[in-house]
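Analysis of the macromolecular model
Read off the chains here:
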Amino acid sequence: MKQLSYGSDQVMESMMDSSNILDAEVRMSYRTISIGRGRRIQLVKSHGRFCEAYKLENDFNKICYRIWKEIIPDAIKRYELIDKRFSSAKLRYFSNFRFIPSALRMKCDGNILPGIVMDWIEGKTLDSFLSDDWSSLSVTQRLTFIRDFYYMCYELRENGISHGDLSCVNIIITSNREIRLVDYDSVYVKEMGRKFFQTTGGAPSFQHPERTFSKRPILASIDDDNFSQLIIAVSLWVIYFDPSVTQYFDDSNLLFVPSDLSGLNGNERLNNLKASFGWKKANSLAHKFQHLSILLKALESIQGDLSKVPSLFNFVSESTILSPQFYSLLDTNMSVSKTSQRAIFCTTCGHKFTSDIFDFCPICGTKRYLFKN
């Protein structure tokens, strides 16, 4: 019987002999990158549940050569449809890629594994970016990043795409703070209809538990990102107000950990969520920002079926995302009345406000004063 799963060491052993790389263009034009010496030598790579991603280079370019170490049913048809949708949508969040049915000959048994060649995306994983860089960003830069995240999610949905596994390691932030997505094994595109199953339950800190721990196959759909988008959005708004919370983030979680989302039934899941550090922190800040209250209410959908999780865009429109008043439009409790006028200068430090987008001073954090007419 043909082997359907291989270990990381087996894949690397095969990759270290370039004759096993079956795509002629890659084999002839690129070289693997090694680190270490002697018996400790290894190739530069990253890994996921289903694939090993190797970094190859020449004098002009770097690419990612991804090999399936675990064969996914319908992988070839799935990637044909993903390729078609990506080519049509031309969204900047995805790397150019080419599916390779015969990518690597396994040294251990001679079997041939499929793969993908794509651009290598340089940057930090979402958790590293937030932990390393967030506290040094200005208020405007933080709001811009959050709005960019919202707009990415909106563009994906408008183009009939869900990533299927939004998490720290699958969201890469470039040096220009641009958002890129990696690992497309879980991607759904509208051309799939209701004919393909989800390939993963997703990262436990970002998913509704009925998806993560499902005992039956679940059909992939445009709603696969609903819960993870809510988790990430809540996390971003919490650190907008309190950047120190990033110290609790790592490559497997942001504001919430798996136990916060667990439970034997809906009531237990909701109770665990509301007892968590993440919920308490977000709830303590919700009085400052109406939209955060709305997001927390949406996360209460963890009590019900997976199918009941609302989309982020039940609460946010494209016009709001694109508006210079993005923050204020989301914050319905802080809208300025017609009889009020915003202060031009901060009443604490004297900083001059350069835009109506600011509700707090970007220098000292003082709430912007409203003069009553």
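All residue numbers refer to position in the chain's written sequence, counted from 1. Restriction of local features to residues with pLDDT of at least 70 applies here, the model being predicted, together with a cutoff of 80 or more for giving and counting side-chain atom pairs; totals for whole chains, interfaces and linings are based on all residues. Note that water and hydrogens are dropped before the side-chain values are worked out from all heavy atoms of the structure.

1. Considering the overall build of the protein
When its secondary structure is counted, the protein shows 12 helices and 15 strands. The rule is simple: take the accessible area with a 1.4 Å probe, protein chains only, and divide by the maximum for that residue type; under 20% is buried, over 50% is exposed, in between is partly exposed. In the protein, which comprises 373 residues, the share counted as buried stands at 51%. With residues, only the protein chains shown are counted as cover, and all accessible areas are computed by Shrake-Rupley using a 1.4 Å probe. Accessible surface, the protein: about 17,900 Å² in total, of which carbon and sulfur atoms supply 49%. Numbering goes from the N terminus for both helices and strands, where a helix is a DSSP run of H or I of at least four residues and a strand is a run of E of at least two.

2. Structural notes on helix H3 (residues 75-89)
Multiplying one less than the number of residues by 1.5 Å gives the expected span of a helix. Between its terminal C-alpha atoms H3 stretches 21 Å, which fits the 21 Å expected from 15 residues at 1.5 Å a residue. When H3 is considered as a whole, its buried residues turn out to be Ala75, Arg78, Tyr79, Leu81, Ile82, Arg85, Phe86 and Ala89. Buried residues along H3 cover an arc of 160 degrees about the axis, so they all sit on one side. Away from the buried face of H3 by more than 90 degrees, exposed residues Lys84 and Ser88 are located. The contact criterion used is simple: two residues touch if any of their non-hydrogen atoms lie within 4.5 Å. For H3, the elements touching its buried residues are strand S6 (62-68), strand S7 (97-105), strand S8 (112-119), strand S10 (161-162) and strand S13 (188-189). Just downstream of H3 lies lysine 90, where phi reads positive at about 55 degrees. Throughout, the arc means that of the directions going from the helix axis to the C-beta atoms.

3. Some remarks on empty space enclosed by the protein
Throughout, the protein atoms alone are placed on a 1 Å grid, and a set of points is a cavity if a 1.4 Å probe fits but cannot get out or a pocket if it is open with protein on both sides within 12 Å along at least five of seven lines; lining residues have an atom within 4 Å of a point. Grid points are joined across faces, edges and corners, and a volume is the space filled by probe spheres set on the points. On inspection of all chains with the given rule, the structure shows 2 cavities of 30 Å³ or more. In this structure, the largest cavity occupies an estimated 40 Å³ of space. Lining the largest cavity, in full, are Cys153, Leu156, Arg157, Ile161, Ser162, Ile222, Asp225, Asn226, Gln229 and Phe313. At the level of secondary structure, the elements contributing two or more residues to the lining of the largest cavity comprise helix H5 (139-158), S10 and helix H7 (226-241). When residues of the lining of the largest cavity are assigned to their parent elements, the largest contribution, 3 residues, is made by H5. Its residues placed into classes, the lining of the largest cavity shows 5 nonpolar, 3 polar and 2 charged. By the convention adopted, Pro, Cys, Tyr, Trp, Phe, Met, Ile, Leu, Val and Ala count as nonpolar, Lys, Arg, Asp and Glu as charged, and the other residues, Gly among them, as polar.

4. Concerning the pattern of salt bridges
Every case where a carboxyl oxygen of Asp or Glu lies within 4 Å of a side-chain nitrogen of Lys or Arg is listed as a salt bridge. Tallied over the full model, the rule gives 17 salt bridges. Glutamate 300 is the salt-bridge partner of lysine 297, the closest N and O atoms lying 3.3 Å from each other. Taking relative accessible area as the criterion, lysine 297 reaches 56% and is therefore assigned exposed.

5. Here we look at helix H4 (residues 126-133)
Among all positions in H4, only Leu126, Asp127, Phe129 and Leu130 are buried. Looking straight down H4, one finds its buried side chains confined to an arc of 165 degrees; they lie on one side. On its buried face, H4 sits against strand S9 (124-125), H5, strand S11 (171-173) and H7.

6. Looking at the layout of surface pockets
Over the atoms rolls a probe the size of a water molecule, and in doing so it shows where empty space is left. For the second largest pocket, the calculated volume is near 530 Å³. Lining of the second largest pocket is provided by 25 residues; of these, Glu210, Arg211, Ile218, Leu306 and Ser307 occupy positions nearest its centre. Breaking the lining of the second largest pocket down by element, the ones donating at least two residues are helix H6 (209-212) and H7.

7. With respect to the packing of aromatic side chains
Aromatic pairs are defined between Phe, Tyr and Trp rings, using the six-membered ring for Trp, whenever the two ring centres lie within 6.5 Å; interplanar angles under 30 degrees are classed as stacked, those over 60 as edge-to-face, and all others as tilted. Applying the stated rule across the entire model yields 26 aromatic pairs. Pairing tyrosine 79 with phenylalanine 99 gives two aromatic rings, centres 6.0 Å apart and planes at 15 degrees, and the pair type is stacked. Note that tyrosine 79 is positioned in helix H3 and phenylalanine 99 in strand S7, a separation of 20 residues in sequence. You'll find tyrosine 79 and phenylalanine 99 in the same group, each marked buried. Aromatic rings pair up to connect Phe149, Tyr150, Trp237, Tyr240, Phe241, Phe289, Phe326 and Tyr327 into one cluster.

8. A closer look at the sheet that holds S11
For two strands to be treated as a pair, DSSP must find at least two bridges joining them. The strand order S9-S11-S12 describes an open sheet built from 3 strands, whose pairing is antiparallel. Only two strands of the sheet have a single neighbouring strand rather than two, namely S9 and strand S12 (179-181). In terms of strand pairing, S9 meets S11 through 2 bridges, oriented antiparallel. Following the sheet pairing, lysine 124 is matched in S11 by isoleucine 173.

9. Here we look at the environment of leucine 43
One can find leucine 43 in strand S3 (residues 42-43). According to the relative accessible area criterion, leucine 43 is buried, its value standing at 4%. When the C-alpha positions of leucine 43 and glutamate 13 are compared, they lie 9.5 Å apart, and in sequence the two are 30 residues distant. Those residues in contact with leucine 43 that sit more than four places away from it in its chain are Met12, Met15, Met16, Thr32, Ile33, Ser34 and Tyr54.

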